[in-house]
Amino acid sequence: MPTSRISPSRAGLVAFALIFVFTPSPANAQSDDLNIYGYFQAQYSHNYGEFGPEEIGTRTFRLPQLNVLAAKNIGADFNAFVNVELLNGFNTGADFGAARIGEAWAQYEQGKSLKVKGGLLIPEFNNLNEIKNRTPLLPYTSRPLVYEQSFRSTVAIGSYVPQRAYLQAHGSLPAGDIRVDYAAYVGNSSSQYLASGNSQTLSGTDTTYTKLFGGRVGVQYRSLKAGVSGTIDEANLRRFSYLGTTVPAGLGDVDRYRIGGDLSFDFGDFFVESEIISVRHSLTDKQETQWDALRQQPGLQDLLGENVDQLFYYGMLGYNITSKIDVNVMYNGLETNRASAIFRIYSVGVSYRPVFPVRLKAEYRYNETASGSLSQNGFNFAASVTF
């Protein structure tokens, strides 16, 4: 999912917007309801391995993500929330990183059974989507692949997980000792259809009549949480990009269905997280014929798979050694619509919380593709801080 860069000429506007949003006015400064806070993760990574015949490696300090948030009660049943997100050490002068408004919504609450959000929001999808940005809460240095926001420029995470919605109804209903959670939402179609700054259409406008529809139904019993999620929208399959190769597929607009499942629970000092996401595409007979013909072209037989569907899954097992120290092991699997393009990540990590707002993390990762074109080792050290 593409992320828009902000040019140096607009740096002043960005700074002004941040100051305007997060500096309390005299009226707000006297209110106990205004809450301004945030979190960030600073990181050092050492990676080395092989990509085809070439040896690859990096050693780098990074600031993958910083979020500044503001929340305020604006009435007995209403509240508002704003989240500004800066990725990869955002710097307009040096032209790297990215900035975006992650969320900006108002919510009406009628008890726990019904809440309605309106504005820009992160929709409920599986267990991790809504809390993926809260790095101090997460024991691992690198999040499961399709939730790692700092990978937005290299991994099409928006293909697997809905990134934005604009209206959502959600709530919780008691059923004895079990709590039933639900959510339903609507938003714009894929960001591939949104007008860019170079278009004559107003930037950010959805240029299609199709929309994103989705929801989640889940249950909670003590520490056990499980749910099923789904979305319907359209995908733009006019071209594919994979490992630096762009293929003009020419399939056009295709109906896309995301189906997700999540399961998490605690057992004594152990804790478990797991998710699966299947992305299915409904091709017409004409599009199927186009895809088959494309796969037969010289040089593409080994690149393109049998279909355009995608799959992601991860599982994590953790153990609390003490109230401040925990260890975890995690496995990620990513299958794209490319032949043998199965990407696997194995990791072992430890985290330590010296004080409540700080979480120090260390992690070893091994990445590989099923085809053997990539194998990489990595060591990550990070500090996640709430402020």
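Residues numbered from 1 in each chain as written. Predicted model: local features only at pLDDT ≥ 70, side-chain atom pairs only at ≥ 80, totals over all residues. Heavy atoms only, no water.

A. How the structure looks around the overall build of the protein chain. From N to C terminus, the protein chain includes four helices and 18 strands. A buried classification covers 42% of the 387 residues belonging to the protein chain. Within the protein chain, contacts between residues at least 6 apart in sequence are counted, and of these 55% link residues at least 24 apart. Surface accessibility of the protein chain: about 19,600 Å² in total, with carbon and sulfur atoms responsible for 58%. (Helix = DSSP H or I, 4+ residues; strand = E, 2+ residues; numbered from the N terminus. Buried < 20%, exposed > 50% of the residue type's maximum accessible area, 1.4 Å probe, protein only. Contact = heavy atoms within 4.5 Å. Areas by Shrake-Rupley, 256 points an atom, 1.4 Å probe, with all protein chains shown as cover.)

B. Here's a closer look at helix 4 (residues 285-295). Along helix 4, the residues that are buried comprise Gln287, Trp291 and Leu294. Down the axis of helix 4, the buried set is contained in an arc of 65°. They therefore lie on one face. Opposite the buried face of helix 4, by more than 90 degrees, sit the exposed residues Asp285, Lys286 and Thr289. (Arc of directions from axis to C-beta.)

C. Just the nonpolar core, in detail. If you look at the biggest cluster of nonpolar residues, it comprises 30 residues, and the most contacted ones within it are Val146, Ile277 and Phe312. Those elements that provide at least two residues to this core are helix 3 (157-160), strand 13 (270-282), strand 14 (310-320), strand 15 (325-335) and strand 16 (342-352). Leave out the neighbours within four places in its chain, and Ile277 touches Phe125, Asn126, Val146, Tyr147, Tyr160, Val161, Ile259, Gly260, Gln310, Leu311 and Phe312. Counting 14 residues, the second largest nonpolar core, distinct from the first, contains Leu237, Val247, Leu251 and Leu294. (Core = buried A, V, L, I, M, F, W, Y, C linked by side-chain atoms within 4.5 Å.)

D. The arrangement of the pairing of strand 13 in detail. For strand 12 (residues 253-267) and strand 13, the ladder comprises 13 bridges, and the chain directions are antiparallel. Residue pairing in the sheet places Gly260 in a bridge with Ile277 of strand 13. Hairpin remark: strand 12 followed by strand 13, antiparallel, with two residues in the connecting loop; positive phi at Gly268, about 65°. Across 10 bridges, the pairing between strand 13 and strand 14 is antiparallel. (Pairing = 2+ DSSP bridges.)

E. Focus on the packing of aromatic side chains. Across all of its chains, the model carries 10 aromatic pairs by this definition. Here Tyr346 and Tyr366 contribute two aromatic rings whose centre-to-centre distance is 6.4 Å and whose plane-to-plane angle is 25°, an arrangement assigned as stacked. Separated by 20 residues along the polypeptide, Tyr346 in strand 16 and Tyr366 in strand 17 (residues 358-369) bring together distant segments of the chain. Tyr346 sits in the partly exposed class, given a relative accessible area of 36%. Of the residues examined, Tyr366 reaches a relative accessible area of 24% and is grouped as partly exposed. Among the aromatic side chains, those forming a connected cluster through ring pairs are Tyr313, Tyr331, Tyr346 and Tyr366. The lysine or arginine in question, Lys117, covers the ring of Trp105, its NZ or CZ lying 4.3 Å from the ring centre. (Phe/Tyr/Trp six-rings, centres within 6.5 Å; stacked < 30°, edge-to-face > 60°. Lys NZ or Arg CZ within 6 Å of the ring centre and 35° of its normal.)

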